[in-house]
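Residue strings, one per chain:
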Amino acid sequence: MKEYEKNEEEIKRLRERIAAFEKSESEHKKIEEALKESEQRFRVIFDYANDGMLLTDIKSKKIYTANKTICQMLGYSLEELKKIDVNDMHPSHSNIAEARNIPVKRKDGTVFYADIKCSIPVILGGRTCVICIFRDITTQKKIDELKDEFIGTVSHELRSPLSIIKEGISLVLDEIPGKINEKQSKILKTAKSNVDRLARIINDLLDISKIESGGLKIKKEALDIISMMKQVVSSFKLAIKDKRLALKVDLPEKEIIVHVDPDMITQVISNLVDNAIRFTEKGHVEVSVKDREALIECSVSDTGIGISRDNLPKLFSKFQQFGRIAGLGRRGTGLGLSIVKGIIDLHGGKVGVESELGKGTKVTFILPKK
Amino acid sequence: MGKRKVLVVDDEIEFLELLRLRLEANNYDVVTALDGDDAVAKVKKEKPDAVLLDILMPGMDGLEVLRRIRQEDNKLPVFMLTAFSSKERVKLANEFNASGFILKTSDLQKEIANITRALEKHQANDI
Ligand SMILES: Nc1ncnc2c1ncn2[C@@H]1O[C@H](COP(=O)(O)OP(=O)(O)OP(=O)(O)O)[C@@H](O)[C@H]1O
Ligand SMILES: [Mg+2]
């Protein structure tokens, strides 16, 4: 090959390499731009999200980055946030996956409440981080409080006239203003029993709304569950006798001390016994208590109409009534079992039901003793 | 034993009048007050044997009336009347040494029979 041809060849190769380099350079730029764009896109979403977000290094407990919302929530600038220890803001930060109603401290020392969600750990720049999302629930809490207050006021306002109607009817029924005849008495008794029914519905509605908004606070006391069970059952003796049912009690002889809210657990047992009697036409109603070391197991069973398989999953929801029998007898509202479930949940227990149509029903609840 | 005098305090005049009928039928002398100030004055003036006191009243509420009564007289039986049982209120009233609670929607004949029994016991202890 001639010398100049060699050079030509060389130049050509060089040109090609330069072209390739320029191409890769521009591709690089493109990728970089795409990355930048993606970063920007996520940054905007991150910063403008309604929830506060933090990226925290699990080991050092330092904040790696944070969005604008959390800076506003806490009153810190991003630079300040990067310097503080997350434990100062709220304790046991990285150990939770999801937690509700957690107090969080602002820069100025004031506290707000948040629902917090944390991601699984991710590796970022060699550091193990979690992203934590804070939802400020101040407004939600305020609304719940207002709702409670509203329901409280409304129930009081409903009960006051109700007490006047009831006492008015009772006075006439008791013949204090003068004698009445059989027919008048019968009519007034119907009116009175429905006033009682209305009063019960108001109480149940108040209870359920409190349970749902978390406004019902349990006040635990140490008490003997056996004597409580006996007491509740004895208040139903008349109703059981009226329906000619047998009453079976399977209770341990020795007392069992449990730490529960007495009023609430009384209500749970009453609601269950009330159902057992109401939905049983012949046979028996049985209550039992079993000692299970750290737990206590109580059940109420009957040989009544039972509940179909289809209806079982709906049993503990509000206003569900399947066995509604036309005619006489106390009519329910369908709130009894949802209150039972609410109360047992509040106590950290469990409630379950076994039932067979036409054979009977057994409702069992388990409570921790402490 | 002569008739016992009871002071009934409630801002709800209709309830008050029904309760009066019930109490009179149970052999009580009834004095009424429609608000807290009147109640405090009547405790002094009428010297009742017992007080039935509504908790929720505009102005001076029942708990405040109870507190004032207790400043003068630690023994007078005072029964709180309430449209519903709030545990907080029960606790408060117990702190001021209320003698009992009457739910307005409960069977008032029974409640009054209970009060009569409590008063008999109270008087027996006094002698
Ligand atoms: N022991 C039972 N046997 C058969 N059906 C039952 C039994 N307990 C509950 N059920 C069914 O479940 C429904 C819901 O019960 P729940 O106690 O919640 O309401 P309720 O008894 O109808 O009314 P409430 O308790 O509010 O007065 C009942 O209407 C009935 O159909
Ligand atoms: Mg029920």
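Parameters at a glance
- Residues numbered from 1 in each chain as written.
- Chains lettered and ligands numbered in written order.
- Predicted model: local features only at pLDDT ≥ 70, side-chain atom pairs only at ≥ 80, totals over all residues.
- Heavy atoms only, no water.
- Helix = DSSP H or I, 4+ residues; strand = E, 2+ residues; numbered from the N terminus.
- Buried < 20%, exposed > 50% of the residue type's maximum accessible area, 1.4 Å probe, protein only.
- Contact = heavy atoms within 4.5 Å.
- Areas by Shrake-Rupley, 256 points an atom, 1.4 Å probe, with all protein chains shown as cover.
- Lys, Arg positive; Asp, Glu negative; His and termini not counted.
- Salt bridge = Lys/Arg side-chain N within 4 Å of Asp/Glu carboxyl O.
- Polar contact = N/O pair within 3.5 Å; in protein donor to acceptor, adjacent residues only side chain to side chain.
- Pairing = 2+ DSSP bridges.
- Axes fitted to C-alpha atoms, helices over the stretch in contact; angles between N-to-C directions.
- Parallel < 35°, antiparallel > 145°, perpendicular 65-115°, else oblique.
- Left-handed = near helix turned anticlockwise from the far one by under 90°.
- Nonpolar A, V, L, I, M, F, W, Y, C, P; charged D, E, K, R; others polar.
- Buried area = accessible area lost by both parts, 1.4 Å probe.
- Right-handed = clockwise from strand over helix to strand, strands pointing away.
- Arc of directions from axis to C-beta.

A few words on the overall build of chain B. Counting its secondary structure elements, chain B contains five helices and five strands. When the helices and strands of chain B are read in sequence order from the N terminus, they spell out β-α-β-α-β-α-β-α-β-α. The buried share of chain B, reckoned over its 127 residues, is 47%. Sequence-distant contacts in chain B: of pairs separated by 6 or more residues, those separated by 24 or more amount to 61%. Summing over all exposed atoms, chain B offers an accessible surface of approximately 6400 Å²; the carbon and sulfur share of this is 49%.

Residue and element names in this part refer to chain B. Counting through the fold element by element, Arg 4 comes out in strand E1 (residues 4–9). Although Arg 4 lies buried, it forms no salt bridge, and the closest oppositely charged side chain, Glu 120, sits 4.5 Å away as judged by the N-O distance. In terms of polar contacts, Arg 4 uses its side chain to reach the side chain of Gln 123, at 2.9 Å. For Arg 4, the residues in contact, after removing those within four places along its chain, are Asn 27, Tyr 28, Asp 29, Asp 49, Thr 116, Leu 119, Glu 120 and Gln 123.

Take the sheet that holds strand E8 (residues 246–250) of chain A next. Residues and elements named next belong to chain A. With respect to topology, five strands assemble into an open sheet ordered E8-E10-E11-E13-E12, the strand pairing being mixed. Edge positions in the sheet fall to E8 and strand E12 (350–356), since each has one partner strand and no second. Averaged over all neighbouring strand pairs, the angle between strand axes comes to 10 degrees, with direction disregarded. The pairing of E12 with strand E13 (residues 360–368) spans seven bridges and is antiparallel. Directly across from Gly 352, in E13, lies its bridge partner Thr 364. Packed onto the sheet, helix H7 (residues 225–234) meets E8, strand E10 (284–292) and strand E11 (295–302) and runs at close to 170 degrees relative to E10. Contacts from helix H9 (residues 262–278) reach E10, E11 and E13 within the one sheet, and its direction differs from that of E13 by about 170 degrees.

This part covers the packing of H7 of chain A against H9 of chain A. Residues and elements named next belong to chain A. Interaxial distance between H7 and H9 falls to 10 Å at its minimum, and their mutual angle equals 50 degrees. Considering the angle they form, H7 stands oblique to H9. Crossing angle aside, the handedness with which H7 passes H9 is right-handed. In this structure, H7 uses Ile 225, Met 228, Met 229 and Val 232 to contact H9, whose residues at the interface are Pro 262, Ile 265, Thr 266, Ile 269 and Ser 270. Of the residues that constitute the contact of H7 with H9, the class distribution is seven nonpolar, two polar and no charged.

The next thing to look at is the environment of Val 78 of chain B. All names here are of chain B. Residue position: Val 78 is located in strand E4 (residues 78–82). Along the backbone, Val 78 and Gly 100 are 22 residues apart, and their C-alpha atoms lie at a distance of 7.1 Å. The contacts of Val 78, once residues within four sequence positions are left out, are Val 51, Leu 53, Leu 66, Ile 69, Arg 70, Ala 98, Ser 99 and Gly 100.

Residue and element names in this part refer to chain A. Across the interface, helix H6 (residues 182–213) lies against helix H10 (residues 336–346) with an axial gap of 10 Å and an inter-helix angle of 40 degrees. Helix-helix and strand crossings are classified by hand; for H6 and H10 the assignment is left-handed. In this structure, H6 uses Asp 204, Asp 207, Ile 208 and Ile 211 to contact H10, whose residues at the interface are Ser 338, Ile 339, Gly 342 and Ile 343. A per-class count over the contact of H6 with H10 returns four nonpolar, two polar and two charged.

Here we come to the interface of chain A and chain B. By a frequent convention, interface size equals the accessible area lost on bringing the separate parts together. Listed per partner, the contact involves 15 residues of chain A and 18 residues of chain B. Taken together, the two surfaces of chain A and chain B that pack against each other cover about 1700 Å², and 65% of this comes from carbon and sulfur. Considering only the surface of chain A that becomes buried against chain B, His 156, Ile 164 and Glu 167 of chain A emerge as the three largest contributors, covering 32% of it. The interface formed by chain A and chain B contains two salt bridges. Notably, a salt bridge pairs Arg 22 of chain B with Glu 167 of chain A, separated by 2.8 Å at the nearest N-O pair.

Quick look at the pairing of E1 of chain B now. All names here are of chain B. In terms of residue burial, E1 counts as a mostly covered element, since five of its six residues are buried. One crossover worth recording links E1 to the parallel strand E2 (residues 28–33) by way of helix H1 (residues 13–25), and it is right-handed. Sheet topology places E1 next to strand E3 (residues 50–54); four bridges connect them, and they run parallel. The residue bridging Leu 7 from the neighbouring strand is Val 51, located in E3.

Let us now look at unusual backbone geometry. The phi torsion at Glu 293 of chain A lies on the positive side, around 55 degrees, for a residue other than glycine. With respect to the helices, strands and loops of the structure, Glu 293 of chain A is situated in the loop between E10 and E11. When its relative accessible area of 74% is taken as the criterion, Glu 293 of chain A is described as exposed. Unlike most non-glycine residues, Lys 47 of chain B shows phi in positive territory, near 45 degrees.

Residue and element names in this part refer to chain B. Spatially, five strands are ordered E2-E1-E3-E4-E5 in an open sheet, and the strand pairing comes out parallel. In the strand order of this sheet, the two ends are held by E2 and strand E5 (100–103), each with one partner. The sheet shows a mean angle of 25 degrees between the axes of neighbouring strands, direction not considered. Pairing of E3 with E4 involves four bridges; the strand directions are parallel. Note that in E4 the partner of Leu 52 across the bridge is Phe 79. Each of E3 and E4 touches helix H3 (residues 62–72); the most contacted strand, E4, lies at about 175 degrees to it. Each of E1, E2, E3, E4 and E5 touches helix H5 (residues 108–126); the most contacted strand, E5, lies at about 165 degrees to it.

Let us now look at helix H2 (residues 36–46) of chain B. Residue and element names in this part refer to chain B. Here H2 has its buried residues at Gly 36, Ala 39, Val 40, Lys 42 and Val 43. Angularly, the buried residues of H2 cover 165 degrees about the axis, an arc narrow enough to put them on a single face. The exposed set on the far side of H2, more than 90 degrees from its buried face, consists of Asp 37 and Lys 45. The N-capping residue of H2, defined by a side-chain oxygen 3.1 Å from the backbone nitrogen of Asp 37, is Asp 35. After H2 finishes, the residue Lys 47 shows a positive phi value of roughly 45 degrees.

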